[in-house]
Every structure is written in structure tokens, then in C-alpha cells.
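What follows is the residue order along each chain.
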Amino acid sequence: AIAEAEDALRAITPKDFATLKALKSPPTAVKLVLDAVLILRGKQVIPVRAIEEKGVQLYKDSYPLASPMVQEPGFVEQLLAFDKERVTFETLELLQPYVSHPLFTVDSARK
């Protein structure tokens, strides 16, 4: 799973990243991935939960907290250099609702 995540990171082009930075509200799959990145970096998150707004089912996410992180210079390089050895069992438990979500896949994030 870690190798797949690293391959997915390396596959992000500068154009993809520019598109992500320009989006006010990226697709749910991207938001889930960014929430997971916040958790891995020890940052605050808003727990993902289904909500209904104007009769539409949506996911409440932490994108307002993740957006500034995405704007940081060298964001992708920082992710690639992330020390996987420091991930604790507690962190893995916090990640579980995100990584078990059906949209938490490389293919969903690409769309």
C-alpha cells in the first residue's frame, strides 16, 4: 500500500498540482486523501461524516484546514520524504475510516 501511494505521488504532474491548487472544492476522493495527509502530519482534522445540505448527501471534510498545506512550497516533496517509521498504531486507527472509504482509491482521486 505504501509503494502504491508513493507511485501515485510521483505520478502527479505540475499541471495536476496547479489544478488542485485552483479548485475551491476538489472531488471527495481528493479531500479524503488530504484529510489522511493532515492526520499523518499530526495536524487537526474535522472528522469526515455524511451530512445533508439542501437535500443532497455530502461529506463534511477538513479541506479548509488542508488547503493552506497544499499551497506550501515543496508539498509533494515533503510527502515523498515522509518518515513512514514514525507512524504509530494510534495514527493507523485514526486513518482507518479514511482508507476504508470506497472513494479512497488512486482511480477515484485521478477523476
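Just so you know, the residues in each chain are numbered from 1, in the order the chain's sequence is written. Given that the model is predicted, a residue must reach a pLDDT of at least 70 before its local features are reported, and side-chain atom pairs must reach 80 or more before they are shown or counted; all residues, however, enter totals for whole chains, interfaces and linings. The side-chain figures draw on all heavy atoms in the structure; neither hydrogens nor water molecules are used.

A. Summary view of the overall build of the chain. Strands are runs of DSSP state E lasting at least 2 residues, helices are runs of H or I lasting at least 4, and numbering of each runs from the N terminus. Along its length, the chain carries seven helices and two strands. Across the chain, helices and strands are ordered from the amino to the carboxyl terminus as α-α-α-β-β-α-α-α-α. With the radius of gyration taken over C-alpha atoms, the globule rule is written as 2.2 Å times the number of residues to the power 0.38. Over its C-alpha atoms the chain spans a radius of gyration of 14 Å, differing by no more than 12% from the 13 Å that the globule rule assigns to 111 residues. Each principal axis of the C-alpha atoms in the chain carries an extent, and together these give about 40 × 35 × 25 Å. Throughout this description, buried means an accessible area under 20% of the type-specific maximum (1.4 Å probe, protein chains only), exposed means over 50%, and partly exposed covers the range between. Classification of the 111 residues of the chain by burial places 27% in the buried group. The long-range share in the chain, meaning contacts at least 24 apart out of those at least 6 apart in sequence, stands at 67%. The criterion used for residue contact is that any of the two residues' heavy atoms lie within 4.5 Å.

B. Looking closely at the packing of helix α3 (residues 28-40) against helix α4 (residues 63-71). Simply put, an axis is a line fit to the C-alpha atoms, just over the touching stretch for a helix, and the angle between two N-to-C directions goes from 0 to 180 degrees. Interhelical geometry of α3 versus α4 gives an angle of 75° and a closest axis separation of 9 Å. Of the possible angle classes, the one that applies to α3 and α4 is roughly perpendicular. Seen from α3, the contacting residues are Lys31, Leu34, Asp35, Val37 and Leu38; seen from α4, they are Tyr63, Leu65, Ala66, Met69 and Val70. Residues are grouped as follows: nonpolar covers Ala, Val, Leu, Ile, Met, Phe, Trp, Tyr, Cys and Pro; charged covers Asp, Glu, Lys and Arg; every other residue, Gly included, is treated as polar. Class assignment for the residues of the contact of α3 with α4 results in eight nonpolar, no polar and two charged. Convention used here: angles under 35 degrees read as roughly parallel, angles over 145 as roughly antiparallel, angles from 65 to 115 as roughly perpendicular, and any remaining angle as oblique.

C. Region of interest: the pattern of salt bridges. By salt bridge we mean one thing: a side-chain nitrogen of Lys or Arg within 4 Å of a carboxyl oxygen of Asp or Glu. Under the criterion given, the structure shown has one salt bridge. Residue Arg41 is joined to Glu72 by a salt bridge in which the shortest nitrogen-to-oxygen separation is 3.2 Å. One end of the pair, Arg41, is in the loop between α3 and β1 (49-53); the other, Glu72, is in the loop between α4 and α5 (75-80), and 31 residues separate them in sequence. For Glu72, a relative accessible area of 29% gives the class partly exposed.

D. Highlighting helix α6 (residues 89-99). All of the buried residues along α6 are Thr91, Leu95 and Tyr98. Projection of α6 onto a plane perpendicular to its axis shows the buried side chains occupying an angular sector of 35°, all on one side. Of the exposed residues in α6, those oriented more than 90 degrees away from the buried face are Phe89, Glu90, Glu93 and Pro97. Turning to α6, the residues buried within the fold contact α3. Directions are taken from the helix axis to each C-beta atom, and the arc is the one they span.

E. Here's a closer look at the environment of Ser100. Tracing the backbone through its elements, the reader meets Ser100 in the loop between α6 and α7 (106-110). A 3.5 Å cut-off defines polar contacts: any pair of N or O atoms within that distance qualifies, except that in protein one atom must be a possible hydrogen donor and the other a possible acceptor, and neighbouring residues in sequence count only when both atoms are side-chain atoms. Among the polar contacts listed, one links the side chain of Ser100 to the backbone oxygen of Gln96, at a separation of 2.7 Å.

F. Main features of the confidence of the model for the chain. Confidence per residue, as judged by the predictor, is encoded in pLDDT with a range of 0 to 100. For the chain, the mean per-residue pLDDT works out to 81, and 91% of the residues sit at or above 70. Per-element confidence in the chain ranges from a low mean pLDDT of 66 for strand β2 (residues 56-60) to a high of 89 for α4.

G. Inspection of the packing of α3 against α6 at higher detail. As a packed pair, α3 and α6 sit with axes 10 Å apart at the nearest point and diverge in direction by 175°. It follows from the interaxial angle that α3 and α6 lie roughly antiparallel. Two secondary-structure elements touch here, α3 through Leu32, Asp35, Ala36, Ile39 and Leu40 and α6 through Thr91, Leu94, Leu95 and Tyr98. By residue class, the composition of the contact of α3 with α6 is seven nonpolar, one polar and one charged.

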